[in-house]
Structures are given as structure tokens and as C-alpha cells.
Amino acid sequence: VSMTKPISPKTHRQEAPRFPLTPRRKALLARVHALAKELALEGDAYRLVLRALTGKPSCALMDEEELYEAALGLEALRREREDNSAEALRREFGWA
């Protein structure tokens with residue numbers, strides 16, 4: 001009889017619901033992922049932002065409305081970064 005324990009216990013991952021891949025869902029998934037790439041969000045940072053925006057750490061767990069909220073939130077983050085960049089340029093070069 002072997003008394004060895006597994007190296008890591010099995011974690012109970014939340015099973016992703018099976019949402020139908022409608023054209024709207026496909027477009028929202030593409031938008032969320034494109035914005036995340038543009039914002040250089042990866043791994044844990046990406047999951048934390050999604051959780052902050054929707055309460056869910058993965059697009060697979062979101063319905064279409066949650067995906068829409070995630071896209072809106074990521075677009076707002078992108079605009080905020082752009083605004084901050086423009087402000088930095090104005091300060092740097094003394095533009096009004």
C-alpha cells in the first residue's frame with residue numbers, strides 16, 4: 001500500500017457555463033481580447049481587471065451583458081491612458 005500524497009491537491013475550478021457563440025458574443029470576445037492586448041494586460045493583471053469590471057475573472061464565465069461591460073471598462077481604461085499621455089505631452093512641451 002502506497003502512502004504517498006499527490007504533489008498538489010486537485011483544485012476545484014469553476015466549470016465554465018456553455019454560452020452559445022452568437023455573432024454578438026464572438027464580436028465582444030474579440031473586442032475584450034483586443035483591448036486587453038492593446039493595454040498589455042496579461043495573466044493575473046488581466047484576470048484582476050476583468051474581476052473588477054464584472055466580478056468574473058474570465059470571459060468564458062461571462063454572459064453577453066458582462067462581456068459588454070468588460071469591453072466598456074477596458075475602453076475607459078484605454079481612454080484614460082490616452083488622456084494621461086496627452087496631458088504628459090502638454091506638460092513636457094508647454095502646450096496649452
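Quick caveat, the model's predicted, so the values are computed rather than measured.

### What about the pattern of salt bridges?
Working step 1: Evaluated as defined, the whole model comprises 7 salt bridges.
Working step 2: The salt bridge partner of Glu 65 is Arg 24, with a shortest N-O separation of 3.4 Å. Remark: Arg 24 occurs in helix H1 (residues 23-38) and Glu 65 occurs in helix H3 (residues 64-93); sequence separation between them is 41 residues.
Working step 3: When the shortest N-O distance is used, the salt bridge between Asp 44 and Arg 47 registers 2.9 Å. Pair noted here: Asp 44 and Arg 47 are both in helix H2 (residues 43-54), with a separation of 3 residues, about one helical turn.
Working step 4: According to the relative accessible area criterion, Asp 44 is exposed, its value standing at 56%.
Working step 5: Its relative accessible area of 38% is what places Arg 47 among the partly exposed residues.
Working step 6: The structure contains a network of salt bridges with shared partners spanning Arg 24, Glu 64 and Glu 65.

### Things to note about the nonpolar core
Working step 1: Of all hydrophobic cores here, the largest spans 16 residues; its most connected members are Val 32, Leu 41, Tyr 46, Leu 50, Cys 59, Leu 67 and Leu 74.
Working step 2: Counting only elements with at least two residues in this core, the list comes to H1, H2 and H3.
Working step 3: Counting residues per element, this core draws most heavily on H1, which supplies 5 residues.
Working step 4: Apart from residues no more than four positions distant in its own chain, Val 32 is found in contact with Tyr 46, Leu 50, Cys 59, Leu 67, Ala 70, Ala 71 and Leu 74.

### Quick notes on a nonpolar patch on the surface
Working step 1: A cluster of nonpolar side chains, namely Leu 89, Phe 93 and Trp 95, defines an oily patch on the protein surface of about 360 Å² accessible area.
Working step 2: Mapped onto the fold, Phe 93 is located in helix H3.
Working step 3: By relative accessible area, which is 52% here, Phe 93 ends up exposed.

### Focus on the side chain of Glu 75
Working step 1: As for its position among the elements, Glu 75 is in helix H3.
Working step 2: A distance of 3.1 Å separates a polar atom in the side chain of Glu 75 from a polar atom in the side chain of Arg 31.
Working step 3: With sequence-adjacent residues up to four places away left out, Glu 75 is seen in contact with Arg 31 and Leu 35.

### Focus: the packing of H1 against H3
Working step 1: Relative orientation of the contacting elements H1 and H3 amounts to 30°, with a least axis distance of 9 Å. Classified by the interaxial angle, the pair formed by H1 and H3 is roughly parallel. In the packing of H1 onto H3, the handedness of the crossing is left-handed. Residues Arg 24, Arg 25, Leu 28, Leu 29, Arg 31, Val 32, Leu 35, Ala 36 and Glu 38 of H1 form the contact with H3, whose own contacting residues are Glu 64, Glu 65, Leu 67, Tyr 68, Ala 70, Ala 71, Leu 74, Glu 75 and Arg 78.
Working step 2: Taken together, the residues that form the contact of H1 with H3 break down as 10 nonpolar, no polar and 8 charged.

Reading the values: rules and limits
- Residues numbered from 1 in each chain as written.
- Predicted model: local features only at pLDDT ≥ 70, side-chain atom pairs only at ≥ 80, totals over all residues.
- Heavy atoms only, no water.
- Salt bridge = Lys/Arg side-chain N within 4 Å of Asp/Glu carboxyl O.
- Helix = DSSP H or I, 4+ residues; strand = E, 2+ residues; numbered from the N terminus.
- Buried < 20%, exposed > 50% of the residue type's maximum accessible area, 1.4 Å probe, protein only.
- Core = buried A, V, L, I, M, F, W, Y, C linked by side-chain atoms within 4.5 Å.
- Contact = heavy atoms within 4.5 Å.
- Patch = residues over 30% accessible without salt bridge, like charges linked within 9 Å, V, L, I, M, F, W, Y side chains within 5 Å.
- Areas by Shrake-Rupley, 256 points an atom, 1.4 Å probe, with all protein chains shown as cover.
- Polar contact = N/O pair within 3.5 Å; in protein donor to acceptor, adjacent residues only side chain to side chain.
- Axes fitted to C-alpha atoms, helices over the stretch in contact; angles between N-to-C directions.
- Parallel < 35°, antiparallel > 145°, perpendicular 65-115°, else oblique.
- Left-handed = near helix turned anticlockwise from the far one by under 90°.
- Nonpolar A, V, L, I, M, F, W, Y, C, P; charged D, E, K, R; others polar.

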